[in-house]
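Residue strings, one per chain:
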Amino acid sequence: MTRDEHVVVADHVTRRFGAVVALHDVSLSVGQGELVGLLGPNGAGKTTLLSLVAGLRKPDAGTVRLFGGDPRDARSRLSLGTTPQETGLPSTLRVQEVVALVAGHYAAPMPTGELLERFGLQDLARRQTGGLSGGQKRRLAVALALVGRPRLVLLDEPTTGLDVEGRHVLWQALRDYHAEGATVLLTSHYLEEVEALAHRVVVVGHGRVLADGGLADVVALVARRRVLVTVPADALPRLERLPGVEVLEAAGRPEGVRVTLLAADADELVRTLVGQDAPFRDLEVRGASLEEAFLALTASDGVLEPGRAAAEPVQEVRS
Amino acid sequence: MTVTHAPVPGPAPVRAARPPALWRLVWLHARLGFVETVRIPIAVIGNLLFPALALLFFVVPQREVAQDPVGALVAVAQLGTFAVMSTCLFSFGAGVSEDRAQPFDPYLRTLPAGPGARLTGRVLNGLLWSYCALAPVVLVGWLLTAAELRWEQALQCVALVVGVAVPFLLLGLAIGYRLSAKAAIAVVQAVLFPLAFAGGLFMPPQVFPDWLDRLSMALPSRAVRDLVVQVTAGVEAYPLALPVLLGWTALFAALAVLAYRADEGRRFR
């Protein structure tokens, strides 16, 4: 892919807020028509990256290009659609007035009525936004990102706070819009959301790109299970030596040590334990949160093996 | 929830990526500001009625002023100037700082429009409200006092409002971009009333003690007042009125630009 076909190019971007380094030497390119999910825990730098792409801020070092231009130049943003924060709609304006305001900034916007219908908001057109429910505000916010028929859509946590049905409606609207040829860059700290939408996943943590690759590879990398077992204290070192397993916690109990393990493949771990005839009891297997998975990714012994998942070189594993 | 699953119309073709005309964006933002203000009418009603009420209660009952064509005209001009000044300080000082606190403000900056459209829209909106604030004063003056304007003078006044608005609009912007919403309202009030009183907008400077009259001449409100009175009632302004006003206008412009830059630096660097 040539540079011209890239919709977004971030080149060695560093951005600090006072003493906090929000982004550390991040490079990322998004090509025409991609649907990219930026996955990471809160505070990883996802929102900062989007704000640089949207032209709200400028990097301390490195460059950000949007359609080949400076995102802080209004002309570069002619084909950009973003969402306001859900709480950020002017409460006295009616739904149709907010849509008309945003639509007026674009050359060929969708008709207001049609847009509202697509997002199930047609009955609310004359309602003041202050009177909408949280889910309705969220749908309106995403509708605003699409009203100008932009070629690039930036979505920051698009479905946070939505119920299951509302979430699926929005996902479908985004998939449809992407299928028409748009590029979509969204952030989420829900693995489920990224799995439902993205084709390519970029994992961000501590301001760095930790992994960048196809959906299946990256999901395998960050999907983790918590496995809890109670073992005699002398069996603990054996568990610590198991490959692909991280000991999160070990609490002394009268009957032994309660160990919480983080494993990429819980089935394999249990098979190994049984095969080794390890004296465990009270086995529990639970899904691990993304936060825990990221902890594993950034942990000192580096569960993430370079090249295992990343289509492009993984930036840095250790922080 | 009733939702159709027909495909959303896709992204606009590349050639459609032309910016909309600036006047259209200005119109959009002016209308946005106007509608937002109108929806909470209590925010403007006091501002709109205060000068007219002052005229009604303090000037109309004094027959020697109200029935004197020049005296009445001066009184109307003073309170009219106050109406414009207070509208500008409130809508730019308090209004800008309130908008800055809203998360919608950064969102608007991601739309394909520079800051010019929003600022120009705001100025048009401020001017519109200035005319609205002026209307009741003019109405009371016209119906209940001896004040009269020839039609060409009235036309001059329409243009004069812009001249009166500019310095205070800039001062409002300087306050609005520098301070938080709560502080801005307090500062606007603390600036508005002393400036109006000492500028002779409530009482003519002829009744001031000598020291206050001299001090007053250095104030932008006094300079504006005298120039407005000169155009409307034909009473010559003091010679330094115009230079004093231009000096303050330049200072307020510089403060507004500095405050805007500082705000950019803090929030959008």
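Residues numbered from 1 in each chain as written. Chains lettered and ligands numbered in written order. Predicted model: local features only at pLDDT ≥ 70, side-chain atom pairs only at ≥ 80, totals over all residues.

Attention now moves to unusual backbone geometry. As a rule of thumb, non-glycine residues mostly have phi less than zero, and peptide bonds are mostly trans rather than cis. All names here are of chain A. A positive phi angle is found at arginine 149, which is not glycine, with a value near 45 degrees. With respect to the helices and strands, the residue arginine 149 is situated in the loop between α4 (134–146) and β6 (152–156). The residue aspartate 277 is not glycine, and still its phi comes out positive at about 60 degrees. Positionally, aspartate 277 belongs in the loop between α9 (266–275) and β13 (281–287). (Helix = DSSP H or I, 4+ residues; strand = E, 2+ residues; numbered from the N terminus.)

Residue and element names in this part refer to chain A. Read across the open sheet, the three strands follow the order β2-β1-β4; overall the sheet is antiparallel. Both outer strands of the open sheet, β2 (20–31) and β4 (61–66), are each paired with one neighbouring strand and no more. Going from strand to strand, the sheet's axes swing by 20 degrees on average, the running direction of each strand aside. Judged from the eight bridges that link them, strand β1 (residues 6–17) and β2 form a sheet pairing that is antiparallel. Across the sheet, arginine 15 pairs through a bridge with leucine 23, a residue of β2. (Pairing = 2+ DSSP bridges. Axes fitted to C-alpha atoms, helices over the stretch in contact; angles between N-to-C directions.)

The next thing to look at is the domain arrangement of chain A. In terms of domains, chain A is made up of domain 1 (32–55 + 79–220) and domain 2 (222–298). Placing the centre of domain 1 of chain A and that of domain 2 of chain A at their C-alpha centroids yields a distance of 38 Å. (Domains from an automatic or database assignment.)

So, on to the interface of chain A and chain B. Opposite the 46 residues of chain A that make contact, chain B presents 37 residues. Of all the secondary structure elements, the ones that give two or more residues to the side of chain A that touches chain B are β5 (80–82), α2 (95–103), α3 (112–118) and α5 (164–179) of chain A. A total of eight residues in the side of chain A that touches chain B trace back to one element, the largest contributor, which is α5(A). (Contact = placed C-beta atoms within 7 Å.)

The topology assignment puts Leu28(B) in helix α1 (residues 22–39). For Leu28(B), a count of 22 C-beta atoms within 10 Å corresponds to the buried category. Between the C-alpha atoms of Leu28(B) and Glu236(B), which are 208 residues apart in sequence, the distance is 42 Å. Those residues within four positions of Leu28(B) in sequence are excluded, and the remaining contacts are Leu101(A) and Gly104(A). (Buried ≥ 20, exposed ≤ 12 C-beta atoms within 10 Å, placed from the backbone.)

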